Structures are given as C-alpha cells and as structure tokens.
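# Secondary and tertiary structure notes
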Amino acid sequence: FGKDVRLTIDLNLQFIAYKELKSAIESHRARSGSLVMLDARSGEILAMVNQPSYNPNESVPNLEVLRNRAVTDAYEPGSTIKPFAILAALESDNFRPDSVVDTSPGSFLISGHQIKDPINYGALSLSKIIQLSSNVGISKIALDLPHYSIYEVLRRSGFGELVDIGLPGETRGSLKPNDLEISVQRAALAYGYGLTVTPLQLANAYLKIAAHGENRRTRLFKGEFKPSFDRIYGESDTKEVIKMMETVTESEGTGRAAAVDGYRIAGKTGTAQRFVNGRFDPDSHNVWFVGIVPAYKPRLVTVVVVNDPKAGASGGGTVAAPIFAQVARHSLRVLGIEPEKIMPLASSRMKNRVLDQG
C-alpha cells in the first residue's frame, strides 16, 4: 500500500522565491539561476526554485526546463568557500580570530601564477578577509595550513557527496584531494576553484555553520526520523565565522546589497569565471550569494546562484545579493520573524564596528 507524502516546501516561500528569481534572471539576461532556502533549525527545504521553469499545465518548450538545476547542476563556488577555509584556519594552531595577514602589495605570485585583489588592502584581519573577499589573504592562510586542512573541512561539510534528499538526477559535484601538495592548488581551493558544488550542496554545507557546528541533515519530506546530530565543527569557531560573515553585508562589504533593515545578515558573495571551450572565460561568470538570517539566531539559510548574467552587473554582490535581500525581506515577514528590538540596523552595525575596533 502507498502512503501519503508531505513535502517540507512552504508554498508561500516557494512563490516568493520563484517570483524574485524569475524577475532577476530576466532583468540580468542570465542563462539560468537557482535558489534553495532551508530552515536552519530543522534542515527542512522551505523553497527550491529554478529558472528557466515551465507551467506543467502547458506543453514543455524544451527538455532543459525540466531539469531541477538546484540538484543536477554543479558549478565552481568561488569565494563562498572562504568561510570554510577560515574554519580550517581556526581549527589549526596557526590562526586566531584576531590574527592579521599582510596582503601587500595586493598580489601574490605562487609557482608562476599571480593571485590578485582589486586593490592593495594591506594588513587584514580574518574578518576583513571575509568582508572584502581577499584572494591574497585567503591564499596566504591556505599556504600556512597543512596541505589537506581545507580539503578535510570541505569533505566534512558534505562537498563531493550526495545530499541524498530523494530527488532524481542529483549530482555529487566534485572534490578531490589531488595535487594539494602544489601550493597554487591549495590556494585556488581556498577561494573556490578546483571543486564544483550544486546549490543544494552549498546550502547543506552552510546549514552546518548556521547550526553552530552540528551536522544537521537537509530533508525534503515531513515526518522523517530525526537522528541525534554529531558535531563536525567547534561551536565557538562557527560563531566566530558567522560574526565575520555579518561584516559582508555592512557598508564596506562585498554583499552590502543583501542587507535587510532590522535584521543582522551573515552572508558571503561568490563570483567564479565559467569554464567555456576549455578555458576560463573572463567575460562569463557564475555568481553566488549565501545568507544566514537572523545571524544572531539563525532561522533561514538561503543560497542564490545566477549563471552567466549579461546585462552589465556580473558579481555576486551586485546580482545574487539583491535577490537574497528581496526573498529574505518577504520571507521573514511571512514567517513572523520579528526584527531586532534592541536598536535599528545602522546603530547595531556601528556598535559592532566600535566593539571590533576595541
């Protein structure tokens, strides 16, 4: 005998995500896009949408629109991997939250490969490396760690493995320990090249950070057995990473367009060149934003990816972050998650900045 199947999808949140993603993909003239939203407490998938999409009541224009890109399509994640590299650094004896890395003169030559930042940021704290998304800073951290430290954190987070929520066509992405003895390979891994991930995998990995290190399981079906969760990261380390990610949505951060008034948002942008015809194309990108809200008591983990935007803007902070902001703003209201009552967002950020300086 069959039995009832109840999905975790929230129809209101699914509609919000669908509408905002569709509008953004059209306005940015992008090839495609996906959004995955999880309940940070339970791991339930509240929304999962893709563009282009289709109306099941009408004839299907082509088979491409039938693909659930959030589980079938894997991309290089770019700088969304940097918080995991910071986790690896905090787990080592080499770095503390107040450690400083000298990124001067804004570029770094490794084995004949030049790694660059947009400008010379000089000496950066770990938090500033995340806020400004410094490739030089994260590369220097990677080279100060044992060869497999970042790889092991990524593997622990579920990259390279199926999330296994019961949907057909899910891909593992790729995460291999090959060539990590080579300095440039370790540096590239730290800023999100040399591996591929699906939007679902990335959301599943960030769920562990939002859960302060508990290995919570992403799920699509209601009523599944809820096991006890083992711990894969230290609670204090994940809380430090979330604090660093909050600076990303401040006025100086790469993800400031993801800010939502009244809520502290922990986020990370990512922009990765697409591999086209055997080479990386500097004019074609996959752009990401990952957000955790509210940062102080996580309720939602949301991943947005836009594939090859062509309307001018081409960064995670300018394309994907605004999609997150719109979806989060409406979703928080629908869920009845109240804004912080302590102080307005601007005042809260100023307080945090002063505390950081002190």
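So, a few notes on the structure that sits alongside this text.

Conventions we followed
Residues numbered from 1 in each chain as written. Predicted model: local features only at pLDDT ≥ 70, side-chain atom pairs only at ≥ 80, totals over all residues. Heavy atoms only, no water. Phe/Tyr/Trp six-rings, centres within 6.5 Å; stacked < 30°, edge-to-face > 60°. Buried < 20%, exposed > 50% of the residue type's maximum accessible area, 1.4 Å probe, protein only. Lys NZ or Arg CZ within 6 Å of the ring centre and 35° of its normal. Axes fitted to C-alpha atoms, helices over the stretch in contact; angles between N-to-C directions. Helix = DSSP H or I, 4+ residues; strand = E, 2+ residues; numbered from the N terminus. Parallel < 35°, antiparallel > 145°, perpendicular 65-115°, else oblique. Left-handed = near helix turned anticlockwise from the far one by under 90°. Contact = heavy atoms within 4.5 Å. Nonpolar A, V, L, I, M, F, W, Y, C, P; charged D, E, K, R; others polar. Expected span 1.5 Å × (residues − 1).

Once that is clear, we can look at the packing of aromatic side chains. Scanning the model with the defined rule gives 8 aromatic pairs in all. Seen from their ring centres, Tyr-191 and Tyr-193 are 5.9 Å apart, and the 75° between their planes marks the pair as edge-to-face. Residue Tyr-191 is classed as buried on the basis of its relative accessible area, which comes to 13%. Residue classification places Tyr-193 among the buried residues on the basis of a relative accessible area of 18%. A cation sits over an aromatic face here: Lys-140 above Phe-108, 5.2 Å from the ring centre.

Moving on, we get to the packing of helix 3 (residues 82–91) against helix 9 (residues 235–246). In the contact formed by helix 3 and helix 9, the axes pass within 10 Å of each other and the chain directions differ by 140°. Judged by the angle between their axes, helix 3 and helix 9 are oblique. Both helix 3 and helix 9 take part in a crossing whose hand is right-handed. Contacts between helix 3 and helix 9 involve Pro-83, Ile-86, Leu-87, Leu-90 and Glu-91 on the former and, on the latter, Asp-237, Thr-238, Glu-240, Val-241, Met-244 and Met-245. Grouping the amino acids of the contact of helix 3 with helix 9 by side-chain chemistry returns 7 nonpolar, 1 polar and 3 charged.

Attention now goes to helix 8 (residues 199–210). Relative to the 16 Å expected for 12 residues at 1.5 Å per residue, helix 8 spans 16 Å between its end C-alpha atoms, a close match to the ideal helical length. In terms of residue burial, helix 8 counts as a mostly covered element, since 12 of its 12 residues are buried. Count one or two residues on from helix 8 and you reach His-212, which has phi positive near 55°.

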